[in-house]
Amino acid sequence: MSDKNLTVKSLIEQLSRRVAELEREVTELKCGQTAGPAKDWRRTVGMFAGDEVMKRIDAAGQAVREAERRRARQSRARSARAK
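Residues numbered from 1 in each chain as written. Predicted model: local features only at pLDDT ≥ 70, side-chain atom pairs only at ≥ 80, totals over all residues. Heavy atoms only, no water.

Draft legend 1. Spotlight on the overall build of the chain. A count of helical and extended segments in the chain gives two helices and zero strands. Scaling as 2.2 N^0.38, a compact globule of 83 residues should have a C-alpha radius of gyration of about 12 Å, whereas the chain reaches 30 Å, well beyond that. Projected onto the principal axes, the alpha-carbon positions of the chain cover approximately 80 × 45 × 20 Å. Here the chain holds 83 residues, and the buried ones make up 0% of them. Accessible area for the chain stands at about 8000 Å²; split by element, carbon and sulfur atoms hold 57% of it. (Helix = DSSP H or I, 4+ residues; strand = E, 2+ residues; numbered from the N terminus. Rg over C-alpha atoms; globule rule 2.2 N^0.38 Å. Buried < 20%, exposed > 50% of the residue type's maximum accessible area, 1.4 Å probe, protein only. Areas by Shrake-Rupley, 256 points an atom, 1.4 Å probe, with all protein chains shown as cover.)

Draft legend 2. Looking closely at the pattern of salt bridges. Under the defined criterion, the tally for this structure stands at three salt bridges. Asp40 is paired through a salt bridge with Arg42; the nearest N and O atoms lie 3.1 Å apart. Accessibility expressed as a relative area gives 31% for Asp40, which makes it partly exposed. Look at Arg42 and you get exposed, because its relative accessible area is 55%. Notably, a salt bridge pairs Glu52 with Lys55, separated by 3.4 Å at the nearest N-O pair. Of this pair, Glu52 and Lys55 both sit in helix α2 (residues 52-82), separated by three residues, roughly a single helical turn. (Salt bridge = Lys/Arg side-chain N within 4 Å of Asp/Glu carboxyl O.)

Draft legend 3. Up close: α2. Taking 1.5 Å as the rise per residue, α2 with 31 residues should run 45 Å; its terminal C-alpha atoms sit 45 Å apart, in good agreement. N-cap assignment for α2: the residue whose side-chain oxygen lies 2.9 Å from the backbone N of Val53 is Asp51. (Expected span 1.5 Å × (residues − 1). Polar contact = N/O pair within 3.5 Å; in protein donor to acceptor, adjacent residues only side chain to side chain.)

Draft legend 4. Main features of the environment of Lys83. Relative to the helices and strands, Lys83 resides in the segment after α2. The class of Lys83 is exposed, set by a relative accessible area of 89%. A sequence separation of 71 residues divides Lys83 from Ile12, and the C-alpha atoms of the two residues are 68 Å apart.

In structure tokens, the structure reads:
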């Protein structure tokens, strides 16, 4: 056998081992996904009720949204006047 044939054969063997390893990992990942019940998002509802930090975060988010609404309304009013 030539050196080229040995190199190709070696590469094929390496790839075969790698594919087999990847297939095992994928199988493990798939099994892990179906094991046990999925978390229910509804369990988190109300978990921050009364939390002062969360109230500040909510207020800051609301302020950002209100500022964006004002800018959008002003931009819309300017473009309507330009027509």
